Amino acid sequence: MTLRQKTIMTTTAVALALAVLTLLVSLHILQSGLRDIENRNVTLNVERVLSFIQATVSELSSNALDYSGWDDTYDFAQNHNHTYIKTNLIASTYTTQKLNLLMILDRNGSSIYEAGFNLQKGSFTPVPRLLRDPAFMKRLKASIPQAKGTLSGIVILDEGPMMISIQPVLKSDLSGPASGNLIMGRFLNPEEIRSMSQLTHQHFELLPFKNGKLTTDLKQVRLRLETSKSIMVQPVNGRTISGYARIDDIFGQPALLLSTTEERSIYRQGVLIIEYMFAFLLISTVAFMFVFFLLLERLGHEAPESHEQGGSGNRKRQPYGPPFYRHRR
């Protein structure tokens, strides 16, 4: 093997090794950075959905306070005046406030008014069975903090999860003593979730936390979230990624599994950048090798000519004249 061939092979190997090493290091840095950005983005989206659900519960609580802190409601809780029902608790009240439930209890916790409402059909319905269970209602009332006197959150019913708010019935100046409690509720049904998804620009699902029909992957997620309220991020495949969070009920127990799904646009853009980088490195390496080979080839042709010129120029110059004169002393 000639020196020229060895030089070509060595240079080729070094150039390829450097290109591969640069690509591997770049891949590691880019993928690590992309994963961090993607995880933060999904986490923020999950937090936005959680905040929106909490804001909806707060809005329901504010609406309930408007009706519970009112002289007319206070008098109704004491005197059971049915004119109050005909005047105030009509269908438009439910549709305007987006209510699926309204109950008014007296001081003893007995119901003096209760009605469910189907917002899609615009008609009254029976109150969910669990909310008519004395044991459940006793537990619910016992969970109300003594200092605040109000309680808001999510309860899991046979009909599905419901956001509820319990407020003390007070006078319009919010003075007492309380003459009972007012309860407002709104189902977290598919229609409500669809509306929330549109407002948050985020597709999500709410699954029963103790659902036995979860997929194997979701069971693993649930297992991890049973002991943690942190947000989990998990790629589904190369195109989609999901975020998960646990939502507790009004008693502080795990109730719902929030699952968001979105396109991995950041990941795909990163892959595209990596592909461009690989193509750039490949083209640059080939171009470098091509130029290097041309220079090597040119130097290879110039070397013999230089050698010949150098040889003729270095010949010893013979003196002129006949030998007789050269040897004459």
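Just so it is clear, the structure is predicted and the values come from calculations on it, not from any experiment. (Residues numbered from 1 in each chain as written. Predicted model: local features only at pLDDT ≥ 70, side-chain atom pairs only at ≥ 80, totals over all residues. Heavy atoms only, no water.)

**Student:** Can you lay out helix α5 (residues 134-142) for me, pointing to particular residues and giving the numbers?
**Tutor:** For α5, the complete set of buried residues consists of Phe-136, Met-137 and Leu-140. The arc that holds every buried residue of α5, seen down its axis, measures 95 degrees, which confines them to one face. Across from the buried face of α5, at angles greater than 90 degrees, the exposed residues are Pro-134, Ala-135, Lys-138 and Ala-142. Buried residues belonging to α5 abut β1 (101-105), β4 (151-157), β5 (160-168) and β6 (181-187). (Buried < 20%, exposed > 50% of the residue type's maximum accessible area, 1.4 Å probe, protein only. Helix = DSSP H or I, 4+ residues; strand = E, 2+ residues; numbered from the N terminus. Arc of directions from axis to C-beta. Contact = heavy atoms within 4.5 Å.)

**Student:** Tell me about the pattern of salt bridges, and name the residues and values.
**Tutor:** In this structure the tally under the stated criterion is 6 salt bridges. Arg-129 is paired through a salt bridge with Asp-158; the nearest N and O atoms lie 2.7 Å apart. One end of the pair, Arg-129, is in the loop between β3 (123-125) and α5; the other, Asp-158, is in the loop between β4 and β5, and 29 residues separate them in sequence. Just as Arg-129 is exposed, Asp-158 falls in that class too. In this structure, Asp-248 engages Lys-229 in a salt bridge whose closest nitrogen and oxygen atoms are separated by 3.4 Å. Linking Asp-248 in strand β9 (residues 240-248) with Lys-229 in the loop between α7 (216-225) and β8 (232-235), this pair joins segments that are 19 residues apart in sequence. Exposure remark for Asp-248: the relative accessible area of 18% places this residue in the buried category. Residue class for Lys-229 comes out exposed when judged on its relative accessible area of 52%. Within the structure, one salt-bridge network assembled from shared partners comprises Lys-98, Arg-186 and Glu-192. (Salt bridge = Lys/Arg side-chain N within 4 Å of Asp/Glu carboxyl O.)

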